[in-house]
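# Summary of structural features
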Amino acid sequence: MTGAFDNHSFRTAIVPAAGLGTRFLPTTKAVPKELLPVVDTPGIEIVASEAAQAGAKRLVIVTSPGKESVVNYFRPSPELEANLERKGKSALLEKVRRGAELIDVEVAIQEEALGLGHAVAQAEPNLTDEDAAVAVLLPDDLVLPAGVLSKMAEVRAKHGGSVLCAFDIPKEQISPYGVFDVTDTGDADVKQVHGMVEKPSPEEAPSTYAAAGRYLLDRAIFDALRRIEPGAGGELQLTDAVALLIEEGHPVHIVVHRGGRHDLGNPGGFLKAAVDFALDDPDYGPELRNWLTERLGTDR
């Protein structure tokens, strides 16, 4: 995405981070899940970096009371920085400053956990007239390699409306996902969306394209969020708002991402991400690879 911001670009990214992280208890009694390190970088910074690389200038973190440390992570730490500078620890100093220099961070508070749609809606007061569209990045999803948001912005520039990220999932594995009902466009990796089915059986799935945690949403999404009805548990679902826009003729497309992903929302997925990132790290990778080879060859 290049040039000045226009009606098809985005300058604001929203990261819903209000969850309690119950699958990581008891750790999340004290440390928000979003700050758990993937090797030496919290997941929230990896997602913020992805947004910044795609052109976002501002990150609105939607969090709950008591999780202010997620936002504070992106604030400068003068005392720590001065200490590191005094000791000549320039590499650590660069790491400490990285988050604060990455992107402008604001906070929106979700007082009650009333669904993803409700969380996204809490960020609306942070927007300005320049925000014709917003990106939404779910911090539990690491989409690899980074770059799908830039492709999504290109698709919005061509087709208008809203653009979502999807993965092509083998049909027999499709049931845990929200699955798109689509038709082809002139681009094999861009599909027009006509509807969505949550967690279908393989036989009932309208396609093999499953939702991932990246959205580029037209500003109209906030009006739709005000008009949808709460679903199970009184929650407002973002997909219901997208479905309403589709019904009303709003163009919605998906970009099929051919890379990989990690789910940081559960300990098993988190461990896979940590190992994957560590293997690519020049400081940790070689020794870890040797240890894994030895460990996997040991009958325990």
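These numbers come from a predicted model, not from an experiment. (Residues numbered from 1 in each chain as written. Predicted model: local features only at pLDDT ≥ 70, side-chain atom pairs only at ≥ 80, totals over all residues. Heavy atoms only, no water.)

## Here's the deal with the overall build of the chain
- Counting its regular elements, the chain contains ten helices and 13 strands.
- Radius of gyration (C-alpha) of the chain: 20 Å, near the 19 Å computed for a compact globule of 300 residues.
- For the chain, the spread of C-alpha atoms along the principal axes amounts to about 60 × 50 × 40 Å.
- Here the chain, with 300 residues, has 46% of them falling under the buried criterion.
- Of the contacts formed within the chain by residues at least 6 apart in sequence, a portion of 75% connects residues at least 24 apart.
- Accessible surface computed for the chain: about 15100 Å², of which carbon and sulfur atoms make up 51%.
- Positive and negative side-chain charges of the chain, numbering 30 and 46 respectively, have mean locations separated by a distance of 4 Å. (Helix = DSSP H or I, 4+ residues; strand = E, 2+ residues; numbered from the N terminus. Rg over C-alpha atoms; globule rule 2.2 N^0.38 Å. Buried < 20%, exposed > 50% of the residue type's maximum accessible area, 1.4 Å probe, protein only. Contact = heavy atoms within 4.5 Å. Areas by Shrake-Rupley, 256 points an atom, 1.4 Å probe, with all protein chains shown as cover. Lys, Arg positive; Asp, Glu negative; His and termini not counted. Charge placed at Lys NZ, Arg CZ, Asp CG, Glu CD.)

## Some points on the UniProt feature "domain: Nucleotidyl transferase" (unreviewed entry) in the chain
- The feature "domain: Nucleotidyl transferase" (unreviewed entry), as annotated in UniProt, sits at residues 13-276 in this numbering.
- End-to-end, the C-alpha atoms of residues 13-276 are 26 Å apart, and along that stretch the chain is 32% helix and 27% strand. (UniProt positions renumbered as here; feature names shortened; annotations may be inferred.)

## Thoughts on the environment of Ala-273
- Positionally, Ala-273 belongs in helix H9 (residues 267-279).
- Separated by 131 residues in sequence, Ala-273 and Leu-142 place their C-alpha atoms 8.4 Å apart.
- Those residues in contact with Ala-273, other than ones at most four positions away along the chain, are Val-38, His-262 and Leu-264.

## Quick word on the packing of helix H1 (residues 43-53) against helix H4 (residues 90-102)
- Closest axis-to-axis distance for the H1/H4 pair is 10 Å, and the angle between their directions is 45 degrees. Regarding the angle of H1 to H4, the classification is oblique. Note on packing geometry: the crossing formed by H1 with H4 is left-handed. Note on element contacts: H4 touches H1 through Arg-98, Gly-99 and Leu-102, opposite Glu-45, Ala-48, Ser-49 and Ala-52.
- Grouping the constituent residues of the contact of H1 with H4 by class yields three nonpolar, two polar and two charged. (Axes fitted to C-alpha atoms, helices over the stretch in contact; angles between N-to-C directions. Parallel < 35°, antiparallel > 145°, perpendicular 65-115°, else oblique. Left-handed = near helix turned anticlockwise from the far one by under 90°. Nonpolar A, V, L, I, M, F, W, Y, C, P; charged D, E, K, R; others polar.)

## Examining the confidence of the model for the chain
- Looking at the chain, pLDDT values average 92 and 97% of them are 70 or higher.
- The model gives residues 1-5 a pLDDT under 50, and that stretch makes ten contacts with residues more than four places away or in other chains. (pLDDT = per-residue confidence, 0-100.)

## Points about the packing of helix H7 (residues 220-227) against helix H8 (residues 238-247)
- One way to put it is that H7 packs onto H8 with a least axis distance of 9 Å and a crossing angle of 110 degrees. Judged by the inter-axis angle, H7 sits roughly perpendicular to H8. Along its contact with H7, which presents Ala-220, Ile-221, Ala-224, Leu-225 and Arg-227, the element H8 presents Leu-238, Ala-241, Val-242, Leu-244 and Leu-245.

## What to know about the pattern of salt bridges
- Inspection of the entire model under this criterion finds 19 salt bridges.
- With a shortest N-O distance of 3.6 Å, Glu-85 and Arg-97 are connected by a salt bridge. Separated by twelve residues along the polypeptide, Glu-85 in helix H3 (residues 78-86) and Arg-97 in helix H4 bring together distant segments of the chain.
- It is possible to trace a salt-bridge network through shared partners that takes in Arg-58, Glu-106 and Asp-131. (Salt bridge = Lys/Arg side-chain N within 4 Å of Asp/Glu carboxyl O.)

## Notes on the nonpolar core
- Ranked by internal contacts, the top residues of the largest apolar core, which has 47 residues, are Leu-59, Ile-61, Leu-137, Met-152 and Leu-216.
- The contacts of Ile-61, once residues within four sequence positions are left out, are Val-15, Ala-17, Ile-44, Val-70, Val-71, Phe-74, Val-105, Glu-106, Val-107 and Ala-108.
- Of all hydrophobic cores here, the second largest spans 35 residues; its members include Val-120, Val-134, Val-182 and Leu-225. (Core = buried A, V, L, I, M, F, W, Y, C linked by side-chain atoms within 4.5 Å.)

## Observations concerning H9
- In this model, H9 (13 residues) spans 18 Å end to end at C-alpha, consistent with the 18 Å of a helix rising 1.5 Å per residue.
- Looking only at H9, the buried set comprises Gly-269, Phe-270, Ala-273, Ala-274 and Ala-278. The arc that holds every buried residue of H9, seen down its axis, measures 165 degrees, which confines them to one face. Across H9 from its buried face, at more than 90 degrees, point the exposed residues Leu-271 and Lys-272.
- Buried-residue contacts for H9 involve strand E2 (37-38), strand E13 (260-263) and helix H10 (285-296).
- Capping the start of H9, Asn-266 holds a side-chain oxygen 3.1 Å from the backbone nitrogen of Gly-268, two or three residues further along. (Expected span 1.5 Å × (residues − 1). Arc of directions from axis to C-beta. Polar contact = N/O pair within 3.5 Å; in protein donor to acceptor, adjacent residues only side chain to side chain.)

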